[in-house]
Structures are given as C-alpha cells and as structure tokens.
Amino acid sequence: MTDREYLYISTIAQCGSITKAAEKLFIAQPSLTQSLQRIEGRYGTSFFRRCKSSLHLTEAGQHYLEAGEKIQQLYEQMVYEISSVSEEEQGQLNLGFTAFQGHMLLPEVLMRYRERFPMMTVNLFESSTGQLEQLASEGRLDVALIHTPFHDLQFNQIPLYTESFHLAISPLDPGYEAARQCMESSGQVTPELMNTLRFILPASNYRIRQVAERVCSTAGIVPKISYCTTNFLTSLSLAEKGLGATFVPRSYAKYYAPESHLLFIPFPAAWNANWDLMAVYGEKRELSKPCLELIRIVQEYIGSNPEVFV
C-alpha cells in the first residue's frame, strides 16, 4: 500500500464514483480506472460494488481503508515523536521552586539534568509556594517543586517525598535545658515543653508556618511567637542566637546538624508534623519528556541520599 493508492481508494469511496473522484484528484478517469484495477488485482479481490448509480465499498475495501487509516496514524505519530524529541532536546523548560528547594535540591538535580539534556535551557522561577501554585495552575510553568498544604487550585500532582519536622532550639535559649531533658527522657517534643518556649516562625502565608500552626492546633497549644520572618534561613540564624525555637524540616536538620549548635527534637507522630514535596503542573498540560526526566532525577537524588532524606 502506497500513499497514492490509499488516496485513490479513499477518494473513490468518498465520491461514490470514479468519474467524480478523478475530477477531484485532477487525473483522467481512464487512468484512475486502470489504477483501481491494478490495486484490486494485486489483492485478488474487488474493493467496490456498483449499487444503482454509485460505488460502495465491499468488505475487503472497508478493511483496506481501515488498515490504511491506521498506517497513516502510525506514520503521523512517528513524525510527531521524532520532531518532539528533536525539539525537546534543544528546547526550554520553565521550572518553579521555593528558596528551600533551591538550596536543598536544585544544584545537584540540575547538574544531573544537564548531563541528560545538555542543550535544554532551564528557566528558573524562584518564588513563594502560593505564587508558584498560581503559575502552575495557569500553565505558565512546565513544572513546579512545592510543598503541601495547597490552596484550592486545580493542577496535577506527582508525590516526591514525605518529610517530617523537628523542633530546633539553641543552647543559648532559656528553654534549652528543658528541651535537652525532654529529648533524653522521651526522645520527642511534649506539650509541656512547647508551652514553656517562645518561637520564631515564618510569615503566615509560608508553608512552614502553616505546618507549625497545624502541629500546634493538633497538640492543643497556642505558641508564644517572638519573631516572624519571611526567610527560613533567618529563622535558623535567630534560633542559633537563642532568640526562640523554630520548626525545621527533617532533611535540613540532618544536613546541617554537624555544623550547627542547635538541638533538633522530633515531634510525636500523632501531631502530624510533616509536609509532602510535590511536582505540580497545569491541569490541562501534558508533561514533556524533559519534564518527566527532571522529576525522575529529583526522585533519584532523594532516594540516593537516605542520610538526608530518609
């Protein structure tokens, strides 16, 4: 079956007449009749039967056209995929992330990604989780790496990592001794300890603040807040000076524990002190091969560093 032969048979079927089909194809009617006879002769059967004044497909003719349509679709899919691979290997990817992800994940992930897609341009959008949610839901980002909880926006989500939180407190903090004794006796934070401490927390629209409020609500505690910041690293710096305790994701605590004087104490599992890292993208958007590969590399990096992420 050639493209021309498929075109001849499908046009005759559409027109119901060799004469009309020849006119539509801009060829002579005898030439089209000979082509039809040659095609039918090759398969040893008739593709059309005459009913009154028009031609109708036989069962064999119907099978021929159905097969031809599938071949055309496969060919078009092949052309599209070859074109997509070529474009994706040299295209652009808009990646959204928070400052926390930019510090903990992005450098190593992008190094591995560049080895796989050296010609790709990755446009980096660092912003708050709320802003990234909005951009992702509008389809203005190919993918964003953000933490739960989410606002009521519509986008697709791929789970990457569930992470617990620790309480961080400095030896300079007035409540440190009680925190140390708590760690030695129970190995986790208690409501009594929380009620004696003062806290440094991010601003109310930040995810860590939302996690902290959920934890305190679950534990039945109203935290005494000394300082609010818009930067996680500022919270840690203030905490190290003994100005208050703060909430720290477990990966960050494990990564910086050797260099820090802070004491990191886990919360009880029942307090729901955790968040989920997600790759999110627009509800109507399909992930390209480079996007899927980026997500795979993030998962690979997290899985290959259990000393930090597990």
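Quick notes on the rules
- Residues numbered from 1 in each chain as written.
- Predicted model: local features only at pLDDT ≥ 70, side-chain atom pairs only at ≥ 80, totals over all residues.
- Heavy atoms only, no water.
- Core = buried A, V, L, I, M, F, W, Y, C linked by side-chain atoms within 4.5 Å.
- Buried < 20%, exposed > 50% of the residue type's maximum accessible area, 1.4 Å probe, protein only.
- Contact = heavy atoms within 4.5 Å.
- Axes fitted to C-alpha atoms, helices over the stretch in contact; angles between N-to-C directions.
- Helix = DSSP H or I, 4+ residues; strand = E, 2+ residues; numbered from the N terminus.
- Parallel < 35°, antiparallel > 145°, perpendicular 65-115°, else oblique.
- Left-handed = near helix turned anticlockwise from the far one by under 90°.
- Nonpolar A, V, L, I, M, F, W, Y, C, P; charged D, E, K, R; others polar.
- Pairing = 2+ DSSP bridges.
- Arc of directions from axis to C-beta.

### Examining the nonpolar core
(1) Moving on: Formed by 65 residues in total, the largest nonpolar core has its most connected members in M194, F247 and F267.
(2) Moving on: Filtering out sequence-adjacent residues up to four positions away, M194 remains in contact with V189, F199, C216, I221, F247, F267 and W271.

### Some details on the packing of helix α6 (residues 106–116) against helix α13 (residues 289–303)
(1) Moving on: Contact geometry of α6 with α13 gives a least axis separation of 10 Å together with a crossing angle of 135°. Taken together, α6 and α13 sit at an angle that is classed as oblique. Pair α6 / α13 crosses with right-handed handedness. Listed contacts from α13 to E108, V109, R112, Y113 and R116 of α6 are K289, P290, E293, L294, I297, V298, E300 and Y301.
(2) Moving on: In terms of residue class, the contact of α6 with α13 is built from seven nonpolar, no polar and six charged.

### Considerations on the pairing of strand β3 (residues 92–97)
(1) Moving on: For β3 and strand β4 (residues 121–126), the ladder comprises six bridges, and the chain directions are parallel. Considered in β4, the bridge of G96 is made with F125.
(2) Moving on: As defined by bridge partners, β3 adjoins strand β5 (residues 143–147) across three bridges and the pair is classed as parallel. For L95, the partnering residue across the bridge sits in β5 and is V143.

### Looking at α6
(1) Moving on: If you check which residues of α6 are buried, you get L106, V109 and Y113. Burial along α6 is one-sided: seen end-on, the buried residues are contained in an arc of 70°. Those residues of α6 that are exposed and aimed more than 90 degrees away from the buried face are R114 and E115.
(2) Moving on: Among the structural elements, β3, α5 (99–104), β4, β5 and α13 are those in contact with the buried residues of α6.

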